[in-house]
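Here is how the chains run, residue by residue.
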Amino acid sequence: MPRPGRNTYSDQKPPYSYIALTAMAIQSSRDKIMTLSEIYQFIMDRFPYYRENTQRWQNSLRHNLSFNDCFVKLPRRPDRPGKGSYWTLHPQCGDMFENGSFLRRRKRFKEHHVSKHQTYMSS
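Residues numbered from 1 in each chain as written. Predicted model: local features only at pLDDT ≥ 70, side-chain atom pairs only at ≥ 80, totals over all residues. Heavy atoms only, no water.

Section: the environment of Ser85
Selection rule: For the purposes of this entry, the term helix denotes a DSSP run of H or I that reaches at least four residues, the term strand denotes a run of E that reaches at least two, and both are numbered from the N terminus. Each residue's exposure class comes from its accessible area (1.4 Å probe, protein chains only) as a fraction of the maximum for that residue type: buried when under 20%, exposed when over 50%, partly exposed otherwise. When checking whether two residues touch, look at their non-hydrogen atoms; a contact exists if any pair is within 4.5 Å.
Within the element layout of this structure, Ser85 appears in the loop between strand S2 (71–74) and strand S3 (86–89). Looking at Ser85, the relative accessible area reads 24%, which means it is partly exposed. Residue contacts for Ser85: discarding those within four places in its chain leaves Met34, Thr35, Leu36, Lys73 and Leu74.

A closer look at the nonpolar core
As a reminder of what qualifies: In this description, a nonpolar core means a group of buried Ala, Val, Leu, Ile, Met, Phe, Trp, Tyr and Cys residues linked to one another through side-chain atoms lying within 4.5 Å.
Counting 24 residues, the largest nonpolar core has Ile39, Ile43 and Phe71 as its most contacted members. Among the secondary structure elements, those contributing two or more residues to this core are helix H1 (18–28), helix H2 (36–46), helix H3 (54–67) and S3. Broken down by element, this core gets its largest block of residues, 7 residues, from H1. Setting aside its immediate chain neighbours within four residues, Ile39 contacts Thr22, Ala25, Ile26, Met34, Leu61, Leu65 and Trp87.

A few points about the sheet that holds strand S1 (residues 33–35)
The following threshold applies: One requirement defines pairing of two strands: DSSP has to find at least two bridges between them. Between the N-to-C directions of two axes lies an angle of 0 to 180 degrees, each axis being a line fitted to C-alpha atoms and, for a helix, fitted only over the stretch in contact.
One open sheet holds the 3 strands; their spatial order is S1-S3-S2, and the pairing between them is antiparallel. The open sheet has two edge strands with one neighbour each: S1 and S2. On average, adjacent strands in this sheet sit at an angle of 35° to one another, irrespective of strand direction. The sheet contact formed by S1 and S3 spans 3 bridges and is antiparallel. Residue pairing for S3: Ile33 is matched across the bridge by Thr88. Lying over the sheet, H1 contacts S1, S2 and S3, oriented at roughly 100° with respect to S3.

Next up, the structure:
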């Protein structure tokens, strides 16, 4: 299934979960890492629906980032000054969407035993 481009959905709510929207944003970046504000901007650029009521959906998205093991928070690198940490996808959750479609997620990714930061850094 093709990935949505800019302004694909006009003002209607897109059929993607916050997990899918976040994964879509991160996967679109060159280094596969993004700050929270970059994730927000990606979503608003492509889905006009999210240009409204920003506080509500941004709170939900932050909740998903913090409590879903497929997202890993990385500290800022010295060569990239600025505000906020980076977010990336856990290396073992790359296939969590069926056939690459962001509309269907296979199952919830659950990390085992090791902290998310340690697992990502050892990959």
